[in-house]
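The primary structure of each chain is shown beneath.
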Amino acid sequence: MYVVGARPNFMKIAPIMDEMVNFPDDFEQYLVHTGQHYDANMSAVFFEELGMPRPAVNLEVGSGSHAQQTAQIMQRFEPILLEYRPDWLVVPGDVNSTLACALVASKLGVKVAHVEAGLRSFDRDMPEEINRILTDHLSDLLFTTEPSGNVNLRREGIADSKVHFVGNTMIDTLVRLLPSAQVRWASIRSQLGLENYVLVTLHRPSNVDDPFVLSEMIHALLEIGLATQVVFPVHPRTRQRIASLGINMADKNVMLTEPLGYLDFLALEANASLVLTDSGGVQEETTYLGVPCLTVRPNTERPITLTVGTNQLVSNNREAIVASAQSAIMLDQHRSVLVRPELWDGFAARRIVNVLREMST
Ligand code: UD1
Ligand code: UDP
């Protein structure tokens, strides 16, 4: 049984389900959607574009405080797990749905496999950091995307025998769908009237929940927009908060759009002059694509995107963002020869399925 709930989960689980289909004698598979994300452009669009099967169950929990959301997922998930009694529960990433379902499973004696284990920002102000640590410590199998994950897990006393460095299933999805995204490029480019542009995504509470910080960042984007187009598909957490700032964005070179489907977003990522983000997944995707990325955060749990990839951290004040963006655009740091993290090769899901099959014989 697999759990998905929030936008980045779909890209991480789809390739595993695709691969598992090849082994019907070994495993039946069921998908549970917690309903943490529910807008069509935060959920349904990915089922369609990634070709995912319909969930067997949708818990329809919706939004709420951390405690409300986590507790609702746990309450609604427990009877499902008791009904289906899977041998393995596979949970991806670091969202509330991940931790809630891992906790229910481990208390019922269902083995938990964590996809994207071991990442650490060492910043407990991030709700995701708490979800990562607790999920890893509840898990029986831990699949890491980069070597830092193995180092972190060993330091925390998790047995090496449970940990498998397999690569990145989000990159599996990218590898599979990049050709389809490139086909979409011409139409999204003309639809948005794009030449050279900076692509922006922002949704971390530390950046968007404080009106002063968010206002500084929007002013930075307006300033970057004086020199180059800015395209900003706005996450629902961020939408109302921008509106309540009351900043006049009309006639400016900063284009706010609804959240985009995966193929259009990937096309925009692959063809951007620069990506400015606070997303975890986008740091990884730009690394794979060789597109320069500025991450507006004081830290990253994905250090390989800094050491091997194209990622750079920038603080969330206006001057720092504008200066870093200007110099990144001027230096044009697109990779002509691509250097990619080890095992980010499109076959992470195959490695995961192999381990699960070996564990079950
Ligand atoms: C969640 C994850 C975060 C992940 C992000 C991916 C947690 C703690 N956070 O953050 O790690 O990076 O998803 O996008 O799990 N909303 C809608 N429609 C939706 C979903 C949300 O309008 O379909 C709005 C609601 O007002 C909601 C707010 O967005 O209160 C935040 O949603 P929530 O799922 O709590 O957290 P995210 O910020 O999306
Ligand atoms: N993404 C998308 N449409 C958008 C913005 C992002 O399809 O408008 C994809 C992006 O390509 C990546 C994933 O969503 O695969 C990242 O999710 P998000 O940034 O919401 O979460 P995080 O990775 O920060 O947890």
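The structure we're discussing is the one just above.
Residues numbered from 1 in each chain as written. Chains lettered and ligands numbered in written order. Predicted model: local features only at pLDDT ≥ 70, side-chain atom pairs only at ≥ 80, totals over all residues. Heavy atoms only, no water.

A. Highlighting unusual backbone geometry. The backbone phi angle of Glu-60 is positive, close to 50°, even though this residue is not glycine. The residue Glu-60 is located in the loop between strand 3 (57–58) and helix 3 (66–84) in this model. Phi at Glu-116 takes a positive value of approximately 80°, unusual for a residue other than glycine. (Helix = DSSP H or I, 4+ residues; strand = E, 2+ residues; numbered from the N terminus.)

B. Representation of the site of ligand 1 in the model. Neighbouring ligand 1 are 18 residues; His-37, Asn-96, Glu-128, Arg-204 and Arg-237 lie closest to it. One of the side-chain nitrogen or oxygen atoms of His-37 is found 2.8 Å away from an oxygen atom of ligand 1. Interatomic distance of 2.5 Å between a side-chain N/O atom of Arg-237 and an oxygen atom of ligand 1. Looking at the shell around ligand 1, the elements with two or more residues in it are helix 3 and helix 10 (236–245). (Near = heavy atom within 4 Å. Polar contact = N/O pair within 3.5 Å; in protein donor to acceptor, adjacent residues only side chain to side chain.)

C. Representation of the site of ligand 2 in the model. In the vicinity of ligand 2, 18 residues are found, and the nearest of them are Arg-7, Leu-260, Ser-279, Gly-281 and Glu-285. Here an oxygen atom of ligand 2 and a side-chain polar atom of Arg-204 are 3.3 Å apart. Gly-281 has a polar backbone atom sitting 2.7 Å from an oxygen atom of ligand 2. Mapped onto the shell around ligand 2, the elements with two or more residues apiece are helix 1 (7–20), helix 11 (262–270) and helix 12 (280–289). Of the residues that constitute the shell around ligand 2, the class distribution is 9 nonpolar, 5 polar and 4 charged. (Nonpolar A, V, L, I, M, F, W, Y, C, P; charged D, E, K, R; others polar.)

D. Looking closely at the pattern of salt bridges. The tally for this structure, following the rule as stated, stands at 22 salt bridges. Note that Asp-264 and Arg-184 form a salt bridge whose closest N and O atoms lie 3.3 Å from each other. Within this pair, whereas Asp-264 is found in helix 11, its partner Arg-184 is found in helix 7 (residues 169–192), the two being separated by 80 residues in sequence. Judged by its relative accessible area of 28%, Arg-184 is partly exposed. With a closest N to O distance of 3.0 Å, Asp-209 and Arg-237 form a salt bridge. Placement of the pair is Asp-209 in the loop between helix 8 (205–208) and helix 9 (211–224) and Arg-237 in helix 10, with a sequence separation of 28 residues. Judged by relative accessible area, which is 34%, Asp-209 ranks as partly exposed. Since its relative accessible area comes to 30%, Arg-237 is described here as partly exposed. Three or more residues are tied together by salt bridges with common partners; here these are Lys-12, Asp-94, Glu-116, Glu-129, Arg-132, Glu-284, Arg-297, Glu-301 and Arg-302. (Salt bridge = Lys/Arg side-chain N within 4 Å of Asp/Glu carboxyl O. Buried < 20%, exposed > 50% of the residue type's maximum accessible area, 1.4 Å probe, protein only.)

E. Focus on the packing of helix 9 against helix 14 (residues 318–331). Following both chains from N to C, one finds helix 9 and helix 14 inclined at 30°, their axes separated by 8 Å at the closest point. With respect to each other, helix 9 and helix 14 are oriented roughly parallel. For the crossing formed where helix 9 meets helix 14, the hand is right-handed. Across the interface between the two elements, Glu-216, Met-217, His-219, Ala-220, Glu-223 and Ile-224 of helix 9 pack against Arg-318, Ile-321, Val-322 and Ala-325 of helix 14. Grouping the amino acids of the contact of helix 9 with helix 14 by side-chain chemistry returns 6 nonpolar, 1 polar and 3 charged. (Axes fitted to C-alpha atoms, helices over the stretch in contact; angles between N-to-C directions. Parallel < 35°, antiparallel > 145°, perpendicular 65-115°, else oblique. Left-handed = near helix turned anticlockwise from the far one by under 90°. Contact = heavy atoms within 4.5 Å.)

F. Main features of the packing of aromatic side chains. Tallied over the full model, the rule gives 4 aromatic pairs. Arranged with centres 6.1 Å apart and planes meeting at 40°, the rings of Trp-185 and Tyr-197 form a pair that is tilted. Residue Trp-185 is located in helix 7, and its partner Tyr-197 is located in strand 8 (residues 197–201); the two are separated by 12 residues in the primary sequence. Of the two residues, Trp-185 and Tyr-197, both sit in the buried class. Members of the aromatic cluster, joined through ring pairs, are Phe-10, Phe-46 and Phe-47. The lysine or arginine in question, Arg-340, covers the ring of Tyr-288, its NZ or CZ lying 3.7 Å from the ring centre. (Phe/Tyr/Trp six-rings, centres within 6.5 Å; stacked < 30°, edge-to-face > 60°. Lys NZ or Arg CZ within 6 Å of the ring centre and 35° of its normal.)

G. How the structure looks around the environment of Ala-349. Residue position: Ala-349 is located in helix 15 (residues 348–359). Judged by its relative accessible area of 4%, Ala-349 falls in the buried class. In this structure the C-alpha to C-alpha distance between Ala-349 and Val-282, which are 67 residues apart in sequence, comes to 19 Å. Ignoring anything within four residues of it in the chain, the contact list for Ala-349 reads Pro-15, Ile-16, Glu-19, Thr-169 and Asp-172.

Bear in mind that shape data such as this cannot, by itself, settle questions of function.
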